[in-house]
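Observations on the model geometry
Take a look at the letters that make up each chain.
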Amino acid sequence: MAQHFTLPGISRLLSARGLTVVGMAAGLVSVAGCKVDNALGPSNNQAIVQFINAASRYPTADLFVDGVDALSGLPYGQGSSIFVNAPTTPRLFAVRGAPDTTTLASSQLVVSNKTTYAMILTQRSAGAGLIVLPDTVSAPPANSIGLRIVNAAPAAGTVDVYITGTDSTLTTPIATNIPFEGVMNYQYIPVGTVRLRVTAAGTKTVLLDVDASPLVSGQVRTIVVIDTDAGGLPLTWLGIPDVG
């Protein structure tokens with residue numbers, strides 16, 4: 001049976017975009033992130049990277065930037081943020097399973113100034129992957145909220161997504177056939193009763209049920225779908241506060 005969760009209508013505690021710990025389903029607590037490069041301020045060439053451990057095989061993970069240990073011992077199902085300088089040359093982001101020194105996944109990225117990136121460690125059948133998502137969010141229309149899904153749950157397989165209002169009947173999915181490591185585009189929905197459900201693709205078998213009704217106008221959230229702590233079903237999720 002799918003678990004039912006309520007998405008808290010949290011407010012970001014810090015003015016800098018992305019400086020939040022990504023909380024598990026019940027919490028979504030916002031706190032200051034760490035720094036790999038000195039925080040120079042918005043007039044300088046810097047970006048923010050949100051690192052999320054969505055691979056249950058690795059109870060803790062370290063994020064290295066150009067060989068420097070930027071975030072240490074990040075537990076599964078959590079996330080944190082760092083400032084990174086934005087030179088014109090690529091930077092190397094690598095993840096290790098703490099305390100191992102073996103690189104699990106890596107990505108070279110030319111970091112753009114004043115941009116936020118989400119980097120999500122995923123668990124593949126063999127090894128790990130790293131999803132890199134530049135921030136493309138925009139403010140939603142008046143009296144609306146925004147939601148998107150990242151499928152980081154290997155146990156889910158390919159999924160469909162339904163968003164409903166007061167009528168909770170599953171009729172037409174808003175997105176279909178989202179594979180593991182796939183991303184649904186942002187969807188903007190009028191405020192009010194909002195229920196998001198993830199189903200096995202091509203069926204109405206609900207794998208995850210999230211009540212997004214507490215969100216208020218102007219807020220946008222990314223829902224990262226992940227396996228349970230021990231791996232497999234039932235699914236759970238993390239929330240990234242993109243806007244508001």
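Report follows, based on the coordinates. In this text the structure is predicted, and so the values were computed from the model without any measurement.

**Structural notes on the sheet that holds strand 10 (residues 144-151)**
One open sheet holds the 4 strands; their spatial order is 13-10-16-17, and the pairing between them is mixed. What marks the edges here is a single partner per strand, and that holds for strand 13 (187-190) and strand 17 (236-243). This sheet shows a mean twist of 30 degrees between the axes of neighbouring strands, independent of strand direction. By the bridge criterion, 6 bridges tie strand 10 to strand 16 (residues 220-226) in an arrangement that is parallel. From the neighbouring strand, Arg148 faces strand 16, where its bridge partner is Thr222.

**As for unusual backbone geometry**
Cis peptide bonds are those with omega within 30 degrees of zero, and the linkage from Ala98 to Pro99 qualifies with 0 degrees. Considering the arrangement of structural elements, one finds Pro99 in the loop between strand 6 (91-96) and strand 7 (103-109). In this structure, the amide linkage connecting Leu233 to the following residue, Pro234, adopts the cis form with an omega of 0 degrees. Checked against the element boundaries, Pro234 lands in the loop between strand 16 and strand 17.

**So, the packing of aromatic side chains**
Taken as a whole, this structure holds 1 aromatic pair when the rule is applied. Ring centres of Tyr186 and Tyr188 lie 6.5 Å apart, and the angle between their planes is 20 degrees; this geometry places the pair in the stacked category. Residue classification places Tyr188 among the partly exposed positions, given a relative accessible area of 32%. Residue placement shows Arg96 over the ring face of Phe64; its charged tip is 3.9 Å from the ring centre.

**With respect to the pairing of strand 3 (residues 60-65)**
For strand 3, the tally of buried residues reaches 5 of 6 residues, placing the bulk of the element in the interior. In the sheet, strand 3 pairs with strand 4 (residues 68-75) via 5 bridges, with the strands oriented antiparallel. Note on strand 4: the bridge partner recorded for Leu63 is Leu71. Where strand 3 hands over to strand 4, the hairpin turn is made up of 2 residues, of which Asp66 adopts a positive phi near 55 degrees. The sheet contact formed by strand 3 and strand 6 spans 4 bridges and is antiparallel.

**As for the pattern of salt bridges**
One pass over the full model with this rule turns up 3 salt bridges. Among the ionic pairs, Glu181 bridges to Arg124, the shortest N-O distance being 3.0 Å. Of this pair, Glu181 sits in the loop between strand 12 (175-178) and strand 13 while Arg124 sits in the loop between strand 8 (116-123) and strand 9 (128-134), placing them 57 residues apart in sequence. A salt bridge links Arg195 to Asp209, with the nearest nitrogen and oxygen atoms 2.6 Å apart. Of the two residues, Arg195 sits in strand 14 (residues 195-200) while Asp209 sits in strand 15 (residues 206-211), which places them 14 residues apart along the sequence. Given a relative accessible area of 6%, Asp209 falls into the buried group.

About the criteria used
- Residues numbered from 1 in each chain as written.
- Predicted model: local features only at pLDDT ≥ 70, side-chain atom pairs only at ≥ 80, totals over all residues.
- Heavy atoms only, no water.
- Pairing = 2+ DSSP bridges.
- Helix = DSSP H or I, 4+ residues; strand = E, 2+ residues; numbered from the N terminus.
- Axes fitted to C-alpha atoms, helices over the stretch in contact; angles between N-to-C directions.
- Phe/Tyr/Trp six-rings, centres within 6.5 Å; stacked < 30°, edge-to-face > 60°.
- Buried < 20%, exposed > 50% of the residue type's maximum accessible area, 1.4 Å probe, protein only.
- Lys NZ or Arg CZ within 6 Å of the ring centre and 35° of its normal.
- Salt bridge = Lys/Arg side-chain N within 4 Å of Asp/Glu carboxyl O.

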